[in-house]
Amino acid sequence: RDYPLVEDILQYRAYQKLNSTYVEGLLKVIGEDGRIHTRFNQTEARTGRLSSDNPNLQNIPIRTELGSQLRAYFVAKPGCVLVDADYSQIELRILANLCGDTAMQEAFLHGADIHTATAAQVFDLPPEMVTDSMRSAAKAVNFGIIYGIGAFSLSKDIHVSVAQADQYIKNYLARYPRVATFMEEIVERAKELGYVSTYFKRRRPVPELRQSNKMIQASGKRIAMNTPIQGTAADIIKIAMIHVSNRLQKECPAAKLILQVHDELIVEIPEQQADLAAQILKEEMEHVVQFAVPLTVEVKKGKSWYDAKG
């Protein structure tokens, strides 16, 4: 039997969490100037990404409609707008470039939706016959592969049997053969050298691979597979921040780069210069590095962070 009360309790807990963390929590940290200031840490995250604390402005919810509405609190000062630029599927584009898989690169070069293209490959169907649930499964495999996901975890994520999830992963690796080879080569090299490197040669030690404990070894394997991809994404956004900042100072000094959330940069700028800022963000972010697969950036603007993400 279903108990409606359970649903109500879960809903109440979700509201309570949003209220205590993001409503009451953020009200407590408003500065004297009426704004909220976070602190960015350069060396906290092992992947090389910036992290944010006191308060953490990188974890303002986005996945649920109610949670994402909290972004409406964050508004540009009078006369200004927020310009929000976001890398599109950057980690998959990095993977396609690093592993050199031609089928994956072709999908990006032809501007195809990568998850639909992957679903078509995995389910052996023409793209127009791919259903939403097939696309969701392919999306989970696409991102899961980057994190060294196993059949058990994937089966839980997309609600299929372990055998089915295992088949999806095998089909994926058969269709994109360079991905599997690339991952194996990275792990072997990391065992040999004791570290992995990003595209820009930044190193991360992986002592876990030399441990005798199988669980620790497995986590080392995941770190080795993931770091060249996520670490390269971290390097790219940091280089982009420098380029964007330098160009804004020259061409519209009234602009301020105010927030970085992983693959997203937010600039506050007087309204009449918003189009110029959008152009600068797009150009600088897309041209950080010349890959076989281009980086693409989506730029939006609005009075609030919610409007700019909408």
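Predicted, not measured: the structure shown is a model, and the values here were computed from it. (Residues numbered from 1 in each chain as written. Predicted model: local features only at pLDDT ≥ 70, side-chain atom pairs only at ≥ 80, totals over all residues. Heavy atoms only, no water.)

Glancing now at the overall build of the protein. The number of helices and strands found in the protein is twelve helices and eight strands. The C-alpha atoms of the protein give a radius of gyration of 21 Å, which matches the 19 Å a tight globule of 310 residues would have. Summarising its shape, the C-alpha atoms of the protein cover approximately 60 × 55 × 45 Å along the three principal directions. Expressed as a percentage of its 310 residues, the buried residues of the protein come to 43%. Taking as baseline every contact in the protein between residues at least 6 positions apart, the subset at least 24 positions apart corresponds to 62%. With an accessible surface of roughly 16900 Å², the protein has 53% of that area assigned to carbon and sulfur atoms. (Helix = DSSP H or I, 4+ residues; strand = E, 2+ residues; numbered from the N terminus. Rg over C-alpha atoms; globule rule 2.2 N^0.38 Å. Buried < 20%, exposed > 50% of the residue type's maximum accessible area, 1.4 Å probe, protein only. Contact = heavy atoms within 4.5 Å. Areas by Shrake-Rupley, 256 points an atom, 1.4 Å probe, with all protein chains shown as cover.)

Looking now at the pattern of salt bridges. The full count for this structure, using the stated rule, is 18 salt bridges. Measuring nitrogen to oxygen at the nearest pair gives 2.9 Å for the salt bridge that ties Arg247 to Glu284. In this pair, Arg247 is assigned in helix α10 (residues 214-251) and Glu284 in helix α11 (residues 274-286), connecting sequence segments 37 residues apart. Both residues of the pair, Arg247 and Glu284, count as buried. The network of salt bridges with shared partners includes Arg247, Glu251, Glu283 and Glu284. (Salt bridge = Lys/Arg side-chain N within 4 Å of Asp/Glu carboxyl O.)

Adjacent strands of a sheet form backbone hydrogen bonds with each other and so pair up, either parallel or antiparallel. Pairing is antiparallel across the open sheet formed by four strands, whose spatial order is β6-β7-β3-β8. Edge positions in the sheet fall to β6 (256-261) and β8 (297-302), since each of these pairs with one other strand and no more. For this sheet the average axis-to-axis angle between neighbouring strands, irrespective of direction, equals 20 degrees. With six bridges connecting them, strand β3 (residues 80-87) and β8 associate as antiparallel partners. Within β8, the position partnered with Ala85 by the bridge is Val299. Relative to the sheet, α11 contacts β3, β7 (264-270) and β8, its axis offset from that of β3 by approximately 20 degrees. (Pairing = 2+ DSSP bridges. Axes fitted to C-alpha atoms, helices over the stretch in contact; angles between N-to-C directions.)

In this section: the packing of aromatic side chains. This structure, assessed with the given rule, holds five aromatic pairs. Ring geometry for Phe74 against Trp305: centres 5.4 Å apart, planes inclined by 85 degrees, an arrangement best described as edge-to-face. Residue Phe74 is found in the loop between α2 (65-68) and β3, and its partner Trp305 is found in helix α12 (residues 305-309); the two are separated by 231 residues along the sequence. By relative accessible area, which is 16% here, Phe74 ends up buried. By the ring-pair criterion, three or more aromatic residues cluster together here, those being Tyr199, Phe200 and Phe291. Between Arg71 and the ring centre of Trp305, over which it is positioned, the NZ or CZ distance is 4.1 Å. (Phe/Tyr/Trp six-rings, centres within 6.5 Å; stacked < 30°, edge-to-face > 60°. Lys NZ or Arg CZ within 6 Å of the ring centre and 35° of its normal.)

All right, on to a nonpolar patch on the surface then. A grouping of Tyr3, Val6 and Leu10 is seen on the molecular surface, where their side chains present a nonpolar patch of about 310 Å² in accessible area. Along the chain, the position of Val6 falls in helix α1 (residues 4-27). (Patch = residues over 30% accessible without salt bridge, like charges linked within 9 Å, V, L, I, M, F, W, Y side chains within 5 Å.)

This part takes up the state of the cysteines. All told, the structure shown has zero disulfides when counted by the stated rule. Cys80 takes part in no disulfide bond, and the closest cysteine sulfur, belonging to Cys252, lies 11 Å away. (Disulfide = S-S within 2.5 Å.)

Within the secondary structure, Asn142 is located in helix α6 (residues 132-146). Classification of Asn142 as buried rests on a relative accessible area of 0%. Only 3.0 Å separates the side chain of Asn142 from the side chain of His115, close enough to count as a polar contact. Apart from residues lying up to four places away in sequence, Asn142 is in contact with Leu92, Ile114, His115, Thr118 and Tyr172. (Polar contact = N/O pair within 3.5 Å; in protein donor to acceptor, adjacent residues only side chain to side chain.)

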